[in-house]
Amino acid sequence: MQILLLAGWIMATFGWLRPIVAAINYLSAKPYSKRTLQWIHGLLFVCAGVVGLVGAAVFAIRLLSIEPLAPSILETGYLICGVGLVGWWIADVIEWQRACRRSVDEECHLQCLSWKTALQHHPGASRLLGLPGNEVLMLEVAQRIIRCEGLPEVASGLSIAHFSDVHFREGMPLEYFRSVFEELGRLRPDLFIFTGDLHDDPDCLRWVPELFGSLHAPLGCYFVLGNHDWHADHVNARIALEDAGWIDLAGRVLPLRDPSGEIVIAGTEFPWMGDLPPFASLPDDRFRILASHTPDLWRWAVDQHVHLMLAGHTHGGQVRLPILGPVFAPSVDGVKYAGGLYKKNSMYLHVSRGISGKDRLRFGCLPEITRFVLKCSPRTELTRPKAAEASHENGS
C-alpha cells in the first residue's frame, strides 16, 4: 500500500503541473506587454515550484516514515485529481504522435544542414550554442508538394518559400543567418513569405538590407511582423523590410500577379497589431493565401474560406522531449499546432518551426525553411475539364 501511495504521489505531482503548463501556453498567446508576460511567467513558474516541492516533501516523509501513514481526506483528493490530470498529458502525447504520423503531403524531401562546428565558437556567439545536443545552428530544408482545392489549373506548380521567426539578436552569429539566406535563395520560388518575429534587438535591424535584400522572386516577397517585433521596434522593422523590397501584408488583401489572376494573398499581425484582412469583400471563387504570425487564427481562416494558411510563432515547441514531444508553445491550442503541416477542412495550415529564437536553444526541434509546390486537387481537375480543353485548343 505504501509503495502505491508513493507512486501515486509521483504521478499526482506530475499531473498537477499540466494545468500550469496549459496556463503558460494560453496566456503567452495573448497580447500582453513584455513586463506583464514576465510577471505571469514568474508567478506560474513559482506555482510549478510549489507543486514540485510539496510533492517531494510528502514523498520524502512517507518514504522515511517508520510506520505507514494513512492518507488524509485532503491528501486523497490531491492524489485522485493529480492522477486524473496525468490523463491530460497522455491525451496530448497521443494527439501529438498522431499528428506526426499523419502525412498530408503528396511528396516531401528533407535536407539537414549544420554549421555548429564552424560557428559555435565564433566571436560574440553565445555559450549556449555549444551545448551538447543544441540544434540552434542547424537547418532543415523541406520541399513539399501539396494538392489544394480551388487552385486555378493555370497556377498549378506555383511555388512558395515560407520561413519565420529569424529573431535577429546579438549572440547568434551573422554568418549563420547568411548561410540560411543563401539556402533560401537556392529554393528559387515564385514568391517568398515571411511570417514575423524579425528581431529582438533593434541594433540588428542593420542586417536586414543584406539578408532580406538578397532574396528576390518573380511574384514578390511578402511579410507580416510578430509579437517580438511589437515588443522591440515594429516601426523601424517594417521600414527596414520595405526598404529591402518586401511587401507589407498586415491587414491587407492583395492580388497575386500570377497568370490566373484568381489568387489573392493576405496577412495579419493580430492580436498584437493591426486588423484582420477584409476577406468578406472578395468573390468566393478566389484562391486565398493567408500569412499570419500565430496559428491561433486557423478557425477564423477556415470560416473565411482560406485555402492555404502560413504561420510561425510557436517554434515547434523549441524543445521536444522523447515520446512526450513539445511541452511549451505560446498558443491557445497548446502544442497541438506547434509545428508541421495540417489539413483543416479544405485548408492547409503550415506552422513553421522558425529559424531562430530569443533563447537560442533547440533540442529535438530543428530550425526550418520550406518550399511548397501547389498542385490542383483531383476535385479541381475533374470540375474544370472543359475549360482546360478550351484553353488547349485556343493555344494550338
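Bear in mind the structure is a predicted one, so any value in this text is a computation, not a measurement. (Residues numbered from 1 in each chain as written. Predicted model: local features only at pLDDT ≥ 70, side-chain atom pairs only at ≥ 80, totals over all residues. Heavy atoms only, no water.)

### Describing the UniProt feature "transmembrane region" (unreviewed entry) in the chain
Here's step 1: In this structure's numbering, the residues bearing the UniProt feature "transmembrane region" (unreviewed entry) are residues 39–61.
Here's step 2: Its end C-alpha atoms 33 Å apart, residues 39–61 is made of 100% helix and 0% strand. (UniProt positions renumbered as here; feature names shortened; annotations may be inferred. Helix = DSSP H or I, 4+ residues; strand = E, 2+ residues; numbered from the N terminus.)

### Section: the UniProt feature "domain: Calcineurin-like phosphoesterase" (unreviewed entry) in the chain
Here's step 1: Following the UniProt record, the feature "domain: Calcineurin-like phosphoesterase" (unreviewed entry) maps to residues 159–316 here.
Here's step 2: In residues 159–316, helix accounts for 25% and strand for 22%; the two terminal C-alpha atoms are 23 Å from one another.

### Quick notes on the pairing of strand 13 (residues 340–344)
Here's step 1: Where burial is concerned, most of strand 13 is hidden: four out of the five residues are buried.
Here's step 2: Across five bridges, the pairing between strand 13 and strand 14 (residues 347–351) is antiparallel. Following the sheet pairing, Tyr-342 is matched in strand 14 by Leu-349.
Here's step 3: Hairpin connection from strand 13 to strand 14: two residues lie between these consecutive antiparallel strands, with Asn-345 at a positive phi of about 55°. (Buried < 20%, exposed > 50% of the residue type's maximum accessible area, 1.4 Å probe, protein only. Pairing = 2+ DSSP bridges.)

### Some thoughts on the packing of aromatic side chains
Here's step 1: According to the stated counting rule, one finds 20 aromatic pairs in the structure shown.
Here's step 2: Taking the centre distance of 5.6 Å and the plane angle of 25° together, the rings of Trp-16 and Tyr-78 count as stacked. Here Trp-16, found in helix 1 (residues 2–28), pairs with Tyr-78, found in helix 3 (residues 73–101); they are 62 residues apart in sequence, far enough to count as distant.
Here's step 3: In this structure an aromatic cluster arises from ring pairing among Trp-115, Phe-163, Phe-168, Tyr-176, Phe-177, Phe-181, Phe-192, Phe-194, Trp-207, Phe-212 and Trp-246.
Here's step 4: Residue placement shows Arg-18 over the ring face of Trp-88; its charged tip is 4.5 Å from the ring centre.
Here's step 5: Cation over ring: Arg-18 sits above Trp-89, and NZ or CZ is 5.2 Å from the ring centre. (Phe/Tyr/Trp six-rings, centres within 6.5 Å; stacked < 30°, edge-to-face > 60°. Lys NZ or Arg CZ within 6 Å of the ring centre and 35° of its normal.)

### What about empty space enclosed by the protein?
Here's step 1: Using the criterion set out here, one finds one cavity of 30 Å³ or more in the structure.
Here's step 2: Lining the largest cavity, in full, are Arg-18, Asn-25, Trp-89, Asp-92, Val-93, Leu-324, Pro-326, Val-327 and Val-335.
Here's step 3: Of all elements in the fold, only helix 1 and helix 3 reach the threshold of two or more residues within the lining of the largest cavity.
Here's step 4: Among the residues making up the lining of the largest cavity, the classes are represented as six nonpolar, one polar and two charged.
Here's step 5: Both domains that meet at the lining of the largest cavity, namely domain 1 (1–100) and domain 2 (108–376), each give it at least three residues. (1 Å grid on protein atoms, 1.4 Å probe; cavity = no way out; pocket = protein on both sides within 12 Å on 5 of 7 lines; lining within 4 Å. Points joined across faces, edges and corners; volume = space filled by probe spheres on them. Nonpolar A, V, L, I, M, F, W, Y, C, P; charged D, E, K, R; others polar. Domains from an automatic or database assignment.)

### Comments concerning the confidence of the model for the chain
Here's step 1: Summary statistics for the chain give a mean pLDDT of 89 and a share of 92% for residues scoring 70 or more.
Here's step 2: Contacts from residues 381–396, a stretch scored under 50 in pLDDT, to residues over four places away or in other chains number six contacts. (pLDDT = per-residue confidence, 0-100. Contact = heavy atoms within 4.5 Å.)

### Focus: the sheet that holds strand 6 (residues 247–248)
The strands that make up a sheet pair up through hydrogen bonds in the backbone, lying either parallel or antiparallel.
Here's step 1: If you walk across this open sheet you meet the seven strands as 1-2-15-3-4-5-6, and the pairing is mixed. Of all strands in the sheet, those with a lone pairing partner are strand 1 (107–114) and strand 6, marking the two edges.
Here's step 2: Along the sheet face, helix 5 (residues 174–187) touches strand 1, strand 2 (138–148), strand 3 (158–163), strand 4 (191–195) and strand 15 (368–376) and points at about 25° away from the line of strand 2. (Axes fitted to C-alpha atoms, helices over the stretch in contact; angles between N-to-C directions.)

### Observations concerning unusual backbone geometry
Here's step 1: Note that the residue after Phe-270, namely Pro-271, is joined by a cis bond; omega there is 15°.
Here's step 2: Mapped onto the elements of the fold, Pro-271 is located in the loop between strand 8 (263–268) and strand 9 (287–292).
Here's step 3: The backbone of Asn-345 shows a phi angle near 55°, a positive value even though the residue is not glycine.
Here's step 4: On the secondary structure map, Asn-345 appears in the loop between strand 13 and strand 14.
Here's step 5: By relative accessible area, which is 64% here, Asn-345 ends up exposed.

### Side note on helix 8 (residues 234–243)
Here's step 1: All of the buried residues along helix 8 are Ala-237, Arg-238, Ala-240 and Leu-241. One face of helix 8 carries all of its buried residues, which in axial projection span an arc of 160°.
Here's step 2: Where the residues of helix 8 are buried, they touch helix 6 (208–211), strand 5 (221–224) and strand 6. (Arc of directions from axis to C-beta.)

### Side note on the state of the cysteines
Here's step 1: Applying the stated criterion across every chain yields a total of zero disulfides.
Here's step 2: Distance from the sulfur of Cys-376, which forms no disulfide, to the nearest cysteine sulfur (Cys-148) is 8.7 Å. (Disulfide = S-S within 2.5 Å.)

### Re the layout of surface pockets
Here's step 1: One number sums up the size of the largest pocket: a volume of about 850 Å³.
Here's step 2: Of all the elements in the fold, those that place two or more residues in the lining of the largest pocket are helix 1, helix 2 (34–64) and helix 7 (227–231).
Here's step 3: Here the element with the most residues in the lining of the largest pocket is helix 2; it accounts for five residues.
Here's step 4: Its residues assigned to classes, the lining of the largest pocket shows nine nonpolar, twelve polar and five charged.
Here's step 5: Residues from two domains meet in the lining of the largest pocket; each of domain 1 (1–100) and domain 2 (108–376) gives at least three.
Here's step 6: The volume enclosed by the second largest pocket comes to roughly 350 Å³.
Here's step 7: Along the walls of the second largest pocket sit 19 residues, with Cys-100, Arg-144, Gly-339, Gly-340 and Leu-341 positioned nearest its centre.
Here's step 8: Taken together, the elements giving at least two residues each to the lining of the second largest pocket come down to helix 3, strand 1, strand 2 and strand 13.
Here's step 9: The residue makeup of the lining of the second largest pocket, split by class, is eight nonpolar, four polar and seven charged.
Here's step 10: Lining the lining of the second largest pocket are residues from two domains, each supplying at least three of them: domain 1 (1–100) and domain 2 (108–376).

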